Every structure is written in structure tokens, then in C-alpha cells.
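# Residue-level structural notes
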Amino acid sequence: MADMIPNGTPSGTPKKRPIKITASSVKKLKPEEKRYELADTEMPGFRVRVSPSGLISYAVLFRNKQGKRVRYTIGKHRSITPEIARKAAKDKLAEVTLG
């Protein structure tokens, strides 16, 4: 599991270190008391989120034309693989960049 490091928030909430999101790394993720999210080391904006119920989903974060941070949920683990989710994230980022 990823190491815990402080994220600099006023409350001192711990933050997980980024991982390379792969089938084997996602398989090792375990639910915790609170939902958590891990960034990908290979692709900025690509994330995996784990809920307390054990649901795992993929998303990509980006800023729209107005500069607002947007989360685009790609899909649930098992419905799609991390590799397919990564490609969908790249496609979404290209779509946002190209307009």
C-alpha cells in the first residue's frame, strides 16, 4: 500500500503517494474508513478512487477554459481495465486541450 505523507492541509489530513496505476497495483488497493484517491505517476490528472464499500473507479482531473477544476469519471474498475481507463483519460485531455 502507498506510504502516508502530510499534504500540508491545515487539518493535517494524510495524503497517499502517487502510484503507477496498473492492474496489479489496483488489485492491491484496499478500502479504508474514508474514501481516498491516488494519482498516477505516469500521467498527470489520472486518478484511481477507492470508496469504503470497496468500489474502485477511475477519473481524470483537468481545468476547463474558465480555469475551474473538473473531475471526469471514466468508469468503474472491473467494467474497464486501468489501461483502457488511461487511454480514455488521454482522449479526454486531448479533447479538452483541442476544444
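The text that follows walks through the structure, step by step, so that each part is easy to find. Residues take numbers from 1 onward in each chain, read along the sequence in its written order. Selection of residues for local features in this predicted model requires a pLDDT of at least 70, selection of side-chain atom pairs for listing and counting requires 80 or more, and totals for whole chains, interfaces and linings are taken over all residues. With hydrogens and water excluded, all non-hydrogen atoms of the structure serve as input to the side-chain values.

A separate point is the environment of Phe46. Strands here mean DSSP runs of E at least two residues long; helices mean DSSP runs of H or I at least four residues long; both are numbered from the N terminus. Inspection of the secondary structure assignment puts Phe46 in strand E4 (residues 46–50). With 28 residues separating them in the primary sequence, Phe46 and Ile74 have C-alpha atoms 9.8 Å apart. Any two residues whose heavy atoms approach within 4.5 Å are treated as being in contact. Here Phe46 is in contact with Ile21, Leu38, Ala39, Asp40, Tyr58, Ala59, Val60, Ile74, Pro82, Ala85, Arg86 and Ala89, once residues within four sequence places are set aside.

As a working rule, side chains carrying opposite charge can pair if their charged atoms are close by. Think of a salt bridge as a Lys or Arg side-chain nitrogen and an Asp or Glu carboxyl oxygen that are within 4 Å of each other. Summed over all chains, the structure comprises 7 salt bridges. The salt bridge partner of Glu95 is Lys92, with a shortest N-O separation of 3.2 Å. Of this pair, Glu95 and Lys92 both sit in helix H2 (residues 82–98), separated by 3 residues, roughly a single helical turn. Partly exposed residues are those whose accessible area sits between 20% and 50% of the maximum for their type, while under 20% is buried and over 50% is exposed, using a 1.4 Å probe and protein chains only. Owing to a relative accessible area of 48%, Glu95 belongs among the partly exposed residues under this scheme. Salt bridges sharing common partners tie together Glu37, Arg47, Arg49 and Arg71.

So, about the nonpolar core. Only buried residues count toward a nonpolar core, which is a set of Ala, Val, Leu, Ile, Met, Phe, Trp, Tyr and Cys residues joined through side-chain atoms within 4.5 Å. Residues Ile21, Leu29, Phe46, Val48, Tyr58 and Ile74 are the most contacted members of the largest nonpolar core, which totals 18 residues. Elements with a contribution of two residues or more to this core: strand E3 (36–39), E4, strand E5 (56–63) and H2. In terms of residues, this core owes the most to one element, E5, which gives 4 residues.

It is worth spelling out the side chain of Arg86 at this point. One can find Arg86 in helix H2. Judged by its relative accessible area of 15%, Arg86 falls in the buried class. Those residues in contact with Arg86 that sit more than four places away from it in its chain are Lys20, Ile21, Asp40, Glu42, Met43 and Phe46.

Looking now at unusual backbone geometry. Excluding glycine, a negative phi dihedral is what most residues carry, and trans is how most peptide bonds are arranged. A positive phi angle, close to 85°, is found at Arg78, a residue other than glycine. Classification of Arg78 as exposed rests on a relative accessible area of 78%.

With that settled, consider the sheet that holds E5. Strands pair, by our definition, only if DSSP identifies at least two bridges between them. Sheet architecture is open: 4 strands sit in the order E3-E4-E5-E6, paired in antiparallel fashion. Since the sheet does not close on itself, it has two edges, and those belong to E3 and strand E6 (69–76), each with one partner. Along the sheet, successive strands turn relative to each other by an average axial angle of 30°, direction set aside. Two strands pair when backbone bridges link them, and E3 and E4 are joined in this way by 4 bridges, in the antiparallel orientation. For helices, the axis comes from a line fit to the C-alpha atoms of the stretch in contact; other axes are also lines fit to C-alpha atoms, and the angle between any two N-to-C directions lies between 0 and 180 degrees.

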